[in-house]
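Here is what each chain is made of, one letter per residue.
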Amino acid sequence: MKLSERASNVSPSPTLAITAKAKAMKAEGIDVISFGAGEPDFDTPENIKSAAIKSLQAGFTKYTPSSGIDDLKAAIVDKFARDNGLEYQKNQIVVSIGAKHSLYNAVLAIVNPGDEVVIPVPYWVTYPEQVRLAGGVPVYVHTDESTGLVATAEMIERALTPRTRLLILNSPSNPTGGVYNRKQIEELANLAVSKNFYVLSDEIYEKIIYDGNKHVSIASFGPEIKKLTVTVNGFSKSYSMTGWRLGYAATEPEIAAGMSRIQDHSTSNPVSFAQKGAVEALTGPQDAMKRMVAEFDKRRSVIVRKLNEIPGATCATPGGAFYVFPNVGGLIGKTGNGKTITGSDSLADYLLEDAKVAVVPGTGFGAPSYMRLSYATNMQAIETGLDRIAESVAKLR
Ligand SMILES: *Cc1c(COP(=O)(O)O)cnc(C)c1O
């Protein structure tokens, strides 16, 4: 059978591939330490779970409005006002089945076939695939350590053409953990307004930010950029609700209506009782999230220190999310177990084989001399896993 062009053009997720391989080894009884996880290792806070359970028991089990229930939209409107200084009305909010779904709805609502979408590299693996599914053309902007792997307005401007329709921005970033500073975001906002392109701002790691920094939403730099922005956020990362599948977007009423129509005919509403849990997440106590972020912060300093002790690896201290993204370029060209390390793919294979440690190669994020390690795992695993990586790296010749 010949698949459609659309289906044939989609690549499998490289992050899922390595975690699957590590899981298979674990199932064989091999003691594998995995740094692959893209989700917090904490349980969903109890108050959120009970709100969903109560609503289930009360029979809240039917279809809801496709773009989300009214009380959740109201809680989201309050959240944007409180946390981001952004005023939205309920008709500007679309609740979807995960932030990934919100992003996809936004891409489908904005991008026409042939339109160019600017994506800074390293990027979250899903962005180029969603753009291609919409018939759009990803245009990559390469970054390096001189800007902390962040794309400046100057760099974005060089990639613009008359076909540029959208910029996808992700701060704090997956995979790098990098955070754009206020000035960098303001300059991007000014560029978008002067060149008239849309911005899809993925702010899913908003709350996972360190060193007393505060997240800045690009839409908050005035009414003009707000009109051009779709802000996406969700519950998976901040509230450890990955399996609940809930995310949301805030944007101009016309774009929100377009996204809702797409959702009407593809998935309909997000899960009814999950939405009730989400209302509690936004309106209830926030201390479980704060404890989680404090724990991530401790792990962050340990993993960064231990990575920098490995000759051939250099690791910047990430400002947010729960990933480190060390440059392992110094190990490329070396040989281990009779095989040459040609890039982060073969390095990840070597580490899985020799150290029994799973890391995600940077190739899938557009950055083949880097690898991604998630520290959403316990401190013991971080200590032991990094020791094992150091031992295996020391054997490379
Ligand atoms: C995890 C993640 C998402 C998707 O989150 P869901 O709400 O679970 O769909 C979106 N963007 C980035 C960068 C992520 O890491």
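A quick note: this is a predicted structure, and the numbers were derived from the prediction, not measured. (Residues numbered from 1 in each chain as written. Predicted model: local features only at pLDDT ≥ 70, side-chain atom pairs only at ≥ 80, totals over all residues. Heavy atoms only, no water.)

Quick notes on the packing of helix 12 (residues 287–308) against helix 14 (residues 379–394)
Between helix 12 and helix 14, the least distance of the axes is 10 Å, while the angle of their chain directions is 5 degrees. One way to sum up the angle between helix 12 and helix 14 is to call them roughly parallel. Judged by residue contacts, Lys298, Arg299, Val302, Ile303, Lys306 and Leu307 of helix 12 engage Met379, Ile382, Glu383, Leu386 and Asp387 from helix 14. Of the residues that constitute the contact of helix 12 with helix 14, the class distribution is 6 nonpolar, no polar and 5 charged. (Axes fitted to C-alpha atoms, helices over the stretch in contact; angles between N-to-C directions. Helix = DSSP H or I, 4+ residues; strand = E, 2+ residues; numbered from the N terminus. Parallel < 35°, antiparallel > 145°, perpendicular 65-115°, else oblique. Contact = heavy atoms within 4.5 Å. Nonpolar A, V, L, I, M, F, W, Y, C, P; charged D, E, K, R; others polar.)

A word on helix 12
Here helix 12 contains 22 residues, and its C-alpha end-to-end distance of 32 Å stays within 8% of the 32 Å for a straight helix at 1.5 Å per residue. Those residues of helix 12 hidden inside the fold are in contact with strand 9 (323–324), strand 14 (371–374) and helix 14. (Expected span 1.5 Å × (residues − 1).)

Remarks on the packing of aromatic side chains
Summed over the entire model, instances satisfying the criterion amount to 14 aromatic pairs. Both rings, one in Phe80 and one in Tyr88, keep their centres 5.3 Å apart while their planes meet at 70 degrees; by these two values the pair is edge-to-face. What makes Phe80 buried here is its relative accessible area of 0%. Both rings, one in Tyr205 and one in Phe322, keep their centres 5.5 Å apart while their planes meet at 85 degrees; by these two values the pair is edge-to-face. Here Tyr205, found in the loop between strand 6 (198–202) and helix 9 (223–228), pairs with Phe322, found in the loop between helix 12 and strand 9; they are 117 residues apart in sequence, far enough to count as distant. Residue Tyr205 is classed as buried on the basis of its relative accessible area, which comes to 1%. Residue classification places Phe322 among the buried residues on the basis of a relative accessible area of 0%. Put simply, the rings of Phe42, Tyr205, Phe296, Phe322, Tyr323 and Tyr375 pair up and form one aromatic cluster. In this structure, Lys226 packs its charged tip against the face of Tyr88, placed 4.7 Å from the ring centre. The ring of Phe60 has Lys276 lying over it, and the distance from NZ or CZ to the ring centre is 4.7 Å. (Phe/Tyr/Trp six-rings, centres within 6.5 Å; stacked < 30°, edge-to-face > 60°. Buried < 20%, exposed > 50% of the residue type's maximum accessible area, 1.4 Å probe, protein only. Lys NZ or Arg CZ within 6 Å of the ring centre and 35° of its normal.)

Focus: the nonpolar core
The tendency in soluble globular proteins is for nonpolar side chains to be buried side by side. Grouped together as the largest cluster of nonpolar side chains are 77 residues, with contacts concentrated most on Phe35, Leu200, Val230, Ile303, Leu373, Leu386 and Ile389. Among the elements that line this core, the one with the most residues is helix 12, at 7 residues. Built from parts of two domains, this core gets at least three residues from each of domain 1 (5–43 + 288–394) and domain 2 (47–283). Once residues lying within four places of it in the same chain are set aside, the contact partners of Val230 are Ala106, Ile110, Val199, Leu200, Ser201, Ala249, Ala250, Thr251, Ile255 and Met259. Counting residues in each nonpolar core, the second largest holds 26 residues, with Tyr88, Ile93, Met241 and Ala250 among its members. (Core = buried A, V, L, I, M, F, W, Y, C linked by side-chain atoms within 4.5 Å. Domains from an automatic or database assignment.)

Thoughts on the sheet that holds strand 2 (residues 93–96)
Pairing is mixed in the open sheet, where 7 strands are placed in the order 2-8-7-6-5-3-4. The open sheet is flanked by strand 2 and strand 4 (137–142), the only strands paired with a single partner. Strand after strand, the sheet turns through a mean of 20 degrees between neighbouring axes, direction not considered. With 3 bridges joining them, strand 3 (residues 116–121) and strand 5 (residues 164–170) adopt parallel strand pairing. What sits directly across from Glu116, in strand 5, is Thr164. Against the sheet, helix 5 (residues 99–110) engages strand 2, strand 5, strand 6, strand 7 (229–234) and strand 8 (247–250), with an angle of about 165 degrees to strand 7. Its contacts with the sheet place helix 10 (residues 253–264) against strand 2, strand 6, strand 7 and strand 8, and it is angled at close to 25 degrees to strand 2. (Pairing = 2+ DSSP bridges.)

Quick notes on the domain arrangement of the protein
What the domain assignment lists for the protein is domain 1 (5–43 + 288–394) and domain 2 (47–283). Counting from both sides, the interface comprises 34 residues of domain 1 and, opposite them, 30 residues of domain 2. Of the roughly 2,600 Å² buried where domain 1 meets domain 2, counting both sides, 58% is carbon and sulfur surface. Linking domain 1 to domain 2 there are 2 salt bridges. Between Lys49 and Asp43 there is a salt bridge; the shortest N-O distance is 2.7 Å. (Buried area = accessible area lost by both parts, 1.4 Å probe. Salt bridge = Lys/Arg side-chain N within 4 Å of Asp/Glu carboxyl O.)

Side note on the environment of Thr377
Structurally, the position occupied by Thr377 is in the loop between strand 14 and helix 14. The sequence separation of Thr377 and Pro40 amounts to 337 residues, and the corresponding C-alpha distance is 7.7 Å. Beyond its immediate chain neighbours, meaning those up to four positions away, Thr377 contacts Ser34, Phe35, Asp41, Arg299 and Ile382.

Things to note about helix 3 (residues 46–57)
A rise of 1.5 Å per residue sets the reference length of helix 3, with its 12 residues, at 16 Å; its end C-alpha atoms lie 16 Å apart and thus fit the reference within 8%. Considered for burial, the residues of helix 3 that qualify are Ile48, Ala51, Ala52 and Ser55. Angularly, the buried residues of helix 3 cover 95 degrees about the axis, an arc narrow enough to put them on a single face. Opposite its buried face, helix 3 presents the exposed residues Glu46, Lys54 and Gln57, each directed more than 90 degrees away. Looking one or two residues beyond helix 3, the residue adopting positive phi is Gly59, at roughly 85 degrees. (Arc of directions from axis to C-beta.)

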